[in-house]
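Overview (structure and organization)
So the chains spell out like this:
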Amino acid sequence: MKTITLALDWTPNVNHIGILVAKELGYYTELGIDLEIGSPLTDNYQFTPGKKLELDLATFVLAPFETVISLNNKANKVEARAIYALLQEDLSSIASLSSSKMTSPRHLDGKIYASYQARYEDKIVQELVKNDGGTGDFEISYPAKLGIWNTLLSKQANATWIFNNWEGIEAKNKNIALECWSMTDFGIPYGYSPVVITTQKTIEDEAELCEAFVKATQRGYLFASQHKEKAVAILSQYVTEEDRPAIDLTQALEATIPYFGEENNMGFMKPERVESFLKWLVIHNLEEEQILNQTLYNNTFCNN
């Protein structure tokens, strides 16, 4: 049995359900993996998932695809690779409270955007606003990451980035009306998020481990899509005490299941989608052209 750590990108939520199911039902154990799951709650996001991979504090981490790009293009380069996409489509959006009367991204001009300080995030939101006819001139605040959603609810910020299948479900359950703007609707070919990331060294030295991890993970997401009640019960054990009463987990799962992917290739990343996002970053001077020729992901383990 090999003990490994997976660092989550956020507190446990519906995006992670297949991993949590696979752990609780022993799918990882069956394949020789003792999986320890690390939540950012343990260090209040002192280290990002990418930094945890760099410091060898985790074998696998969850993060947006941007993290892979960043790790491969920083001064002390980390040869990181995405090996599994949890969702096949982007379920995130920029959200504002309907009560704020911001009915379109351009209305963010002159307002406050609460940022996670993620790579490219602020520029992406600026382009979103510009693509809607705005100037992209708004104030950016950087609250504590795990409290950003609450800054929107308390009106300390006018907009922030959310997952429609998590914070969006919470807002619905609390009868809080939101205006949500997706990247795709405003001409931004956003990449996969979140993805499982590891190092090229792990892929080369521990190929069987990677294969086993992905196989068990796929099995977990398949189970979650077919046995919703049991999967929700497992997820409920992991979510924070704050989230448990605030979010209808069944609704969250129902909203997410269509995006787990097909049974025979869950986790697969389409080359054309990755390339489209990379080209967008280059065109908007967020990265150099070299990223177009880099190996940033590996679909090998997703094909059954």
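Below is a short write-up of the structure. (Residues numbered from 1 in each chain as written. Predicted model: local features only at pLDDT ≥ 70, side-chain atom pairs only at ≥ 80, totals over all residues. Heavy atoms only, no water.)

1. A closer look at the overall build of the chain
The secondary structure content of the chain amounts to 13 helices and 10 strands. For 304 residues, the compact-globule estimate of 2.2 N^0.38 gives 19 Å, and the C-alpha radius of gyration of the chain, at 19 Å, lies within 12% of that figure. The dimensions of the chain, computed from C-alpha atoms along their principal axes, are 55 × 45 × 35 Å. Burial analysis of the chain (304 residues in total) assigns 54% to the buried set. Looking at the chain as shown, the accessible area adds up to about 13,300 Å², and 45% of this sits on carbon and sulfur atoms. If the 26 positive side-chain charges of the chain are averaged to one point and the 41 negative ones to another, these points end up 2 Å apart. (Helix = DSSP H or I, 4+ residues; strand = E, 2+ residues; numbered from the N terminus. Rg over C-alpha atoms; globule rule 2.2 N^0.38 Å. Buried < 20%, exposed > 50% of the residue type's maximum accessible area, 1.4 Å probe, protein only. Areas by Shrake-Rupley, 256 points an atom, 1.4 Å probe, with all protein chains shown as cover. Lys, Arg positive; Asp, Glu negative; His and termini not counted. Charge placed at Lys NZ, Arg CZ, Asp CG, Glu CD.)

2. Regarding the sheet that holds strand β10 (residues 195-199)
Sheet strands line up and pair through hydrogen bonds in the backbone, either parallel or antiparallel. What the five strands build is an open sheet, ordered β2-β1-β3-β10-β4; its pairing is mixed. Each having just a single partner strand, β2 (33-38) and β4 (80-85) make up the two edges of the open sheet. Strand after strand, the sheet turns through a mean of 30° between neighbouring axes, direction not considered. Bridging between strand β1 (residues 2-7) and strand β3 (residues 60-63) involves two bridges; their strand directions are parallel. Bridged to Ala7 within β3 is Val61. Most of the contacts of helix α1 (residues 17-24) go to β2, to which it runs at about 135°, and overall it touches β1, β2 and β3. Across the sheet, helix α9 (residues 207-226) lies against β1, β2, β3, β4 and β10, angled at about 30° from β4, the strand it touches most. (Pairing = 2+ DSSP bridges. Axes fitted to C-alpha atoms, helices over the stretch in contact; angles between N-to-C directions. Contact = heavy atoms within 4.5 Å.)

3. Considerations on helix α5 (residues 121-131)
Among the residues of α5, Glu121, Asp122, Ile124, Val125, Glu127, Leu128 and Val129 are the ones counted as buried. Of the surrounding elements, those touching the buried residues of α5 are β5 (92-97), β6 (112-114), β7 (139-141), β8 (159-163), β9 (178-181) and α13 (271-283). Positive phi appears at Gly133, one or two residues downstream of α5, with a value of about 95°.

4. Things to note about the pairing of β8
In terms of residue burial, β8 counts as a mostly covered element, since five of its five residues are buried. Because side chains alternate across β8, one face comprises the buried residues Ala159, Trp161 and Phe163, and the other comprises Thr160 and Ile162, equally buried. Where β5 lies against β8, four bridges are found, and the strand directions are antiparallel. Note that in β8 the partner of Ile94 across the bridge is Trp161. Bridging between β6 and β8 involves two bridges; their strand directions are parallel.

5. A short note on the nonpolar core
Ile17, Phe60, Tyr84, Trp166, Phe213 and Phe260 are the most contacted members of the largest nonpolar core, which totals 50 residues. Element by element, the count of residues in this core is highest for α9, at 10 residues. Those residues within four positions of Tyr84 in sequence are excluded, and the remaining contacts are Pro194, Val195, Val196, Val214, Thr217, Gln218, Tyr221, Met266, Gly267, Met269 and Cys302. One finds Val68, Trp181, Tyr190 and Phe277 within the second-largest nonpolar core, a separate group that totals 48 residues. (Core = buried A, V, L, I, M, F, W, Y, C linked by side-chain atoms within 4.5 Å.)

6. A look at the packing of aromatic side chains
Scanning the model with the defined rule gives nine aromatic pairs in all. Residues Trp10 and Tyr116 carry aromatic rings whose centres are separated by 5.6 Å and whose planes lie at 75° to one another, so their mutual orientation is edge-to-face. Taken together, the residues span a long stretch of sequence, with Trp10 in the loop between β1 and α1 and Tyr116 in the loop between β6 and α5 at a distance of 106 residues. Taking the relative accessible area as the measure of exposure, Trp10 reaches 17% and is therefore buried. Looking at Tyr116, the relative accessible area reads 15%, which means it is buried. On the numbers, 5.3 Å between centres and 50° between planes, the contact of Trp161 with Tyr190 is tilted. One end of the pair, Trp161, is in strand β8; the other, Tyr190, is in the loop between β9 and β10, with 29 residues separating them in the sequence. The residues Trp161 and Tyr190 share a single accessibility class, namely buried. Taken together through their ring pairs, the aromatic side chains of Tyr28, Phe60 and Phe213 make up a single cluster. The aromatic ring of Tyr27 is capped on one face by Arg219, whose charged end is 3.7 Å from the ring centroid. (Phe/Tyr/Trp six-rings, centres within 6.5 Å; stacked < 30°, edge-to-face > 60°. Lys NZ or Arg CZ within 6 Å of the ring centre and 35° of its normal.)

7. Digging into the sheet that holds β5
Taking strand neighbours across the sheet as the criterion, the five strands line up as β7-β6-β8-β5-β9 in an open arrangement whose pairing is mixed. Both outer strands of the open sheet, β7 and β9, are each paired with one neighbouring strand and no more. On average, each strand axis in the sheet is inclined to that of its neighbour by 35°, with strand direction left out of account. Across three bridges, the pairing between β6 and β7 is parallel. The partner of Tyr113 across the bridge, within β7, is Ile140. Each of β5, β6, β7, β8 and β9 is contacted by α5, which is oriented at about 140° to β6, the strand it contacts most.

Nothing here speaks to function; it is geometry throughout.
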